[in-house]
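Single-letter residue listing:
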Amino acid sequence: MTFAGEVAWVTGASSGIGAAMARGLAAEGAHVILSGRNAEALAEVAADCAKGNATALVLPFEATDHPAGLAAAEQAWAWAEERSGGIDILFNNAGISQRSLAVNTDYAVYEKIIAVDLLAPIALTQALIGRMVARQKGRIAMVSSVAGKVGVPMRTAYSAAKFGLIGYANALRTEVSGEGLQVHVIAPGSVRTNVSRNALNADGSRRGVSDKAIDGGMDPELAVAQMLAEMAAGKREIIVATGFEQMIGEACRTPEEIFDRMAALVANGYANKLEVPAVESAP
């Protein structure tokens, strides 16, 4: 069991992929920290997870509330230190999708989706990355989407955010892979969750109905089993899809050689050459 005894922080853990990931990690003996907006649902998932040697902590907060996220990061790290020395896995999963044509979509929808799907996971990662680097240990998993590898109609805001998340994750990996950290990009296709029901319409309202593709998608537990297996194997880009979605995800997969070459730039001193020395203050 690769993750036994480790501490994992899972966002968007009240349902869907997040809840399944929390249960999957706990089944392997990991301690889990569960975050999201629905405290009652998080408590139910926590009760499923707190069995055997695994323990669970519920930390509800709104993903876009940066001060609340920083406060949660402090609490999460302190809790994790008592169990394994710190947070071993950050699983950034919270997100919201879209179902509207760009020509009809209010700009506020773009602001909302980018805030939740891109800026919120970056903020949480930035709150922890320094301490993870200091430990020389840890994994950061970013749940993007096949729609973050190829533009998908009716999802211009969602694709923009998920493409951006992959860019951040891939760049971060080049900087921290030599510090003992692993960064995983996870690109699911259709998984049987409430993602479509919770998606935003053109005016920002909740869609409230599901899609045929989502209803016929992968079971969340099966999707998570693949994610965990490929994370344990050290895979940097994890495509979790079937059929046409798998085909387009694989067609857009980043070659491993590129990841290696970009990480080698940092290992060979690229960052040191570009950094501007701090200006010393006058005595």
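Everything discussed here concerns the structure shown above.
All values reported here derive from a predicted model rather than from experimental measurement. (Residues numbered from 1 in each chain as written. Predicted model: local features only at pLDDT ≥ 70, side-chain atom pairs only at ≥ 80, totals over all residues. Heavy atoms only, no water.)

Caption draft 1: Broad picture of a nonpolar patch on the surface. A contiguous nonpolar surface patch, about 470 Å² in accessible area, is contributed by Ile-258, Met-262, Leu-265, Tyr-270 and Leu-274. Among the elements of the structure, helix 9 (256–267) and helix 10 (270–274) are those that each provide at least two residues to the nonpolar patch. Tallying contributions element by element places helix 9 first for the nonpolar patch, with 3 residues. Tracing the backbone through its elements, the reader meets Tyr-270 in helix 10. Looking at Tyr-270, the relative accessible area reads 42%, which means it is partly exposed. (Patch = residues over 30% accessible without salt bridge, like charges linked within 9 Å, V, L, I, M, F, W, Y side chains within 5 Å. Areas by Shrake-Rupley, 256 points an atom, 1.4 Å probe, with all protein chains shown as cover. Salt bridge = Lys/Arg side-chain N within 4 Å of Asp/Glu carboxyl O. Helix = DSSP H or I, 4+ residues; strand = E, 2+ residues; numbered from the N terminus. Buried < 20%, exposed > 50% of the residue type's maximum accessible area, 1.4 Å probe, protein only.)

Caption draft 2: Broad picture of the packing of helix 3 (residues 66–81) against helix 4 (residues 107–135). For the pair helix 3 and helix 4, the least separation of the axes is 8 Å and the interaxial angle reads 30°. By the angle between their axes, helix 3 is roughly parallel relative to helix 4. In terms of crossing hand, the pair formed by helix 3 and helix 4 is right-handed. Together, His-66, Gly-69, Leu-70, Ala-73, Glu-74 and Trp-77 of helix 3 and Ala-123, Leu-124, Ala-127, Leu-128, Arg-131, Met-132 and Arg-135 of helix 4 make up the contact between the two elements. For the contact of helix 3 with helix 4, a count of residues per class yields 8 nonpolar, 2 polar and 3 charged. (Axes fitted to C-alpha atoms, helices over the stretch in contact; angles between N-to-C directions. Parallel < 35°, antiparallel > 145°, perpendicular 65-115°, else oblique. Left-handed = near helix turned anticlockwise from the far one by under 90°. Contact = heavy atoms within 4.5 Å. Nonpolar A, V, L, I, M, F, W, Y, C, P; charged D, E, K, R; others polar.)

Caption draft 3: Summary view of the side chain of Thr-193. One can find Thr-193 in the loop between strand 6 (181–188) and helix 6 (212–215). What makes Thr-193 buried here is its relative accessible area of 16%. In this structure the side chain of Thr-193 is engaged in a polar contact, spanning 3.2 Å, whose partner is the backbone nitrogen of Val-195. Discounting residues that sit within four places of it in the chain, Thr-193 has contacts with Gly-16, Ile-17, Ile-214 and Pro-220. (Polar contact = N/O pair within 3.5 Å; in protein donor to acceptor, adjacent residues only side chain to side chain.)

Caption draft 4: Geometry of the side chain of Asn-93. Its location among the elements puts Asn-93 in the loop between strand 4 (89–92) and helix 4. At 3.1 Å, the side chain of Asn-93 forms a polar contact with the backbone oxygen of Gly-12. Excluding residues that lie within four positions of it along the chain, Asn-93 makes contacts with Thr-11, Gly-12, Ile-17, Gly-18 and Val-143.

Caption draft 5: Highlighting unusual backbone geometry. Even without being glycine, Gln-136 reaches a positive phi, approximately 60°. Positionally, Gln-136 belongs in the loop between helix 4 and strand 5 (138–143). By relative accessible area, Gln-136 is classed as partly exposed at 43%. The phi dihedral of Met-154 falls on the positive side, at around 75°, and the residue is not glycine. Inspection of the secondary structure assignment puts Met-154 in the loop between strand 5 and helix 5 (156–176). For Met-154, a relative accessible area of 33% puts it in the partly exposed group.

Caption draft 6: Representation of the environment of Asn-92 within the structure. The residue Asn-92 is located in strand 4 in this model. Overall, Asn-92 belongs to the buried group, its relative accessible area being 4%. The spatial distance from the C-alpha of Asn-92 to the C-alpha of Cys-252 is 22 Å, given a sequence separation of 160 residues. For Asn-92, the contacting residues outside a window of four places in its chain are Thr-11, Pro-121, Leu-124, Thr-125, Ile-140, Ala-141, Met-142 and Val-143. Of note is the side chain of Asn-92, whose polar atom sits 3.0 Å from the side chain of Thr-125.

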